[in-house]
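If you want the building blocks of each chain, they are given just below.
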Amino acid sequence: MIKLSLKVENLDFLLNTSSGRKALSAGLTEFTLSLFRSVHKVIDEGKAFTPRTGHLQQSIRTDLTRVNEGKAEIVADASYAPFVEFGTRPHEIRPRRRRSSLRWATDEGVFFAKLVHHPGSKPYPFFRPAIEEGYEEAKESFAKTFLEALKRGE
């Protein structure tokens, strides 16, 4: 799992008024959704990794349950998301539990081994490039939505 936590700081005075809290919530929601769209855009355009099953991309979600407190998250729930984002170091793969050997199939046949020396995998970052690419647009979305909500007096 990878989690990008967003927190609005130094604007606590806005949380003390109803209209300020609503405007801040609207702005933070739009900021979060803009970054969320940027993550999907980076993946869809092939700038990160080539999806095989779509599971990793489908596991990316937003958590806006605490947006009224000035907090939001973008989460990639797939258990292997950190390995895609950051890569892995060389490591050994051994059979799990009571198995005596590893087994895998390829076009050339079925193979067995008691130990595999994996060379590691290179990183295919999707969160970091998306944030770098979408940050300015997300800031603009936040400012526009925040100011519109303040003007409406929500």
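Nothing here was measured: the structure is a model prediction, and the numbers come from that model.

1. Description of the sheet that holds strand 1 (residues 2-7)
Then comes step 1: In spatial order, the strands read 1-3-2; together these three strands make up an open sheet with antiparallel pairing. Edge positions in the sheet fall to strand 1 and strand 2 (60-63), since each has one partner strand and no second. On average, adjacent strands in this sheet sit at an angle of 15 degrees to one another, irrespective of strand direction.
Then comes step 2: Across six bridges, strand 1 lies against strand 3 (residues 71-76) in antiparallel orientation.

2. Thoughts on helix 2 (residues 18-44)
Then comes step 1: The terminal C-alpha atoms of helix 2 lie 39 Å apart, and with 27 residues this matches the ideal 39 Å at 1.5 Å per residue to within 8%.
Then comes step 2: Of the residues flanking the end of helix 2, it is Gly-46, one or two places downstream, whose phi is positive at about 75 degrees.

3. Description of the confidence of the model for the protein chain
Then comes step 1: With 99% of its residues at a pLDDT of 70 or more, the protein chain has an overall mean of 92.
Then comes step 2: Across the protein chain, the secondary-structure element scoring lowest on mean pLDDT is helix 1 (residues 12-15), at 76, and the one scoring highest is strand 2, at 97.

4. Quick look at the nonpolar core
Then comes step 1: Counting 30 residues, the largest nonpolar core has Leu-56, Ala-76, Phe-126 and Phe-127 as the members making the most contacts within it.
Then comes step 2: Secondary-structure elements contributing two or more residues to this core are strand 1, helix 2, strand 3, helix 4 (81-86) and helix 5 (127-152).
Then comes step 3: If one sorts the elements of this core by residue count, helix 2 sits on top with eight residues.

5. Observations regarding the environment of Asp-77
Then comes step 1: By the secondary structure assignment, Asp-77 is in the loop between strand 3 and helix 4.
Then comes step 2: Considering only alpha carbons, one finds Asp-77 and Thr-106, 29 residues apart in sequence, at a separation of 29 Å.
Then comes step 3: Not counting residues up to four positions away in its chain, the partners in contact with Asp-77 are Met-1, Ser-59 and Arg-61.
Then comes step 4: There is a polar contact of 2.6 Å between the side chain of Asp-77 and the side chain of Arg-61.

6. Quick notes on the environment of Asp-44
Then comes step 1: As for its placement among the helices and strands, Asp-44 is situated in helix 2.
Then comes step 2: Judged by relative accessible area, Asp-44 falls into the exposed class, the value being 57%.

7. Re the packing of aromatic side chains
Then comes step 1: Under the criterion given, the structure shown has five aromatic pairs.
Then comes step 2: Here the aromatic rings of Phe-126 and Phe-127 are separated by 5.2 Å at their centres, their planes lie at 90 degrees, and the arrangement is edge-to-face. The same class applies to Phe-126 and to Phe-127, which are both buried.
Then comes step 3: The interplanar angle of 5 degrees and the centroid separation of 5.6 Å between the aromatic rings of Phe-142 and Phe-146 together place this pair among those described as stacked. Here Phe-146 and Phe-142 lie together in helix 5, a separation of four residues that amounts to about one turn.
Then comes step 4: Grouped by ring-pair contacts, the aromatic residues Phe-49, Phe-126 and Phe-127 constitute a single cluster.

8. What about the side chain of Ser-25?
Then comes step 1: The topology assignment puts Ser-25 in helix 2.
Then comes step 2: When near neighbours in sequence (up to four residues on either side) are disregarded, Ser-25 contacts Val-67 and Asn-68.

Basis of the calculations
- Residues numbered from 1 in each chain as written.
- Predicted model: local features only at pLDDT ≥ 70, side-chain atom pairs only at ≥ 80, totals over all residues.
- Heavy atoms only, no water.
- Pairing = 2+ DSSP bridges.
- Helix = DSSP H or I, 4+ residues; strand = E, 2+ residues; numbered from the N terminus.
- Axes fitted to C-alpha atoms, helices over the stretch in contact; angles between N-to-C directions.
- Expected span 1.5 Å × (residues − 1).
- pLDDT = per-residue confidence, 0-100.
- Core = buried A, V, L, I, M, F, W, Y, C linked by side-chain atoms within 4.5 Å.
- Buried < 20%, exposed > 50% of the residue type's maximum accessible area, 1.4 Å probe, protein only.
- Contact = heavy atoms within 4.5 Å.
- Polar contact = N/O pair within 3.5 Å; in protein donor to acceptor, adjacent residues only side chain to side chain.
- Phe/Tyr/Trp six-rings, centres within 6.5 Å; stacked < 30°, edge-to-face > 60°.

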